[in-house]
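Residues per chain, in single letters:
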Amino acid sequence: MTPAQTVDRVLLVAAAALLLIAGALVLYRVWRGPSMLDRAMALDVCAALMIAGIGVRSALSRDSFYFPAMLVLAFLGFTGSVGIARFIAVRDRAPDQPRSRKGRR
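Now for a quick tour of the structure. (Residues numbered from 1 in each chain as written. Predicted model: local features only at pLDDT ≥ 70, side-chain atom pairs only at ≥ 80, totals over all residues. Heavy atoms only, no water.)

Details of unusual backbone geometry
In this structure, the amide linkage connecting Gly33 to the following residue, Pro34, adopts the cis form with an omega of 5 degrees. As for its placement among the helices and strands, Pro34 is situated in the loop between helix H1 (3–32) and helix H2 (36–61). One non-glycine residue, Arg62, lies in the positive phi region at around 55 degrees. Inspection of the secondary structure puts Arg62 in the loop between H2 and helix H3 (67–91). (Helix = DSSP H or I, 4+ residues; strand = E, 2+ residues; numbered from the N terminus.)

Listed below in structure tokens is the structure:
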């Protein structure tokens, strides 16, 4: 193994270790809350960590097979975040706050 390959391997293993630590912290935030918005943001970060983990796995194996899966996960994470944000925005609206014109029929 050349020195460049050794450095590459060490950096990828370090990245995987940091992703595991970040994943544990995100799971703690999902568990503790305190609000629904905190939990939603933590789940969005969890999706990003999964994508990064797949990227590290792809780099370690030197295989580009996982790139379409990363793209699909990114799209699902984005649409899920938008859906959760809309749900929370509607749920957390004050009762005396009037609806926008788009919401009226």
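Topic: the pattern of salt bridges
As enumerated under the stated definition, the model contains one salt bridge in all. Between Asp8 and Arg62 there is a salt bridge, with its nearest N and O atoms 2.5 Å apart. Of this pair, Asp8 sits in helix H1 while Arg62 sits in the loop between H2 and H3, placing them 54 residues apart in sequence. (Salt bridge = Lys/Arg side-chain N within 4 Å of Asp/Glu carboxyl O.)

Some words on the packing of H2 against H3
Closest axis-to-axis distance for the H2/H3 pair is 10 Å, and the angle between their directions is 175 degrees. Compared by their axis directions, H2 and H3 come out roughly antiparallel. Across the interface between the two elements, Met36, Leu37, Ala40, Asp44, Ala47, Ile51, Ile54, Gly55 and Ser58 of H2 pack against Phe67, Met70, Leu73, Ala74, Gly77, Ser81, Ile84, Ile88 and Arg91 of H3. Tallied by class, the residues present in the contact of H2 with H3 amount to twelve nonpolar, four polar and two charged. (Axes fitted to C-alpha atoms, helices over the stretch in contact; angles between N-to-C directions. Parallel < 35°, antiparallel > 145°, perpendicular 65-115°, else oblique. Contact = heavy atoms within 4.5 Å. Nonpolar A, V, L, I, M, F, W, Y, C, P; charged D, E, K, R; others polar.)

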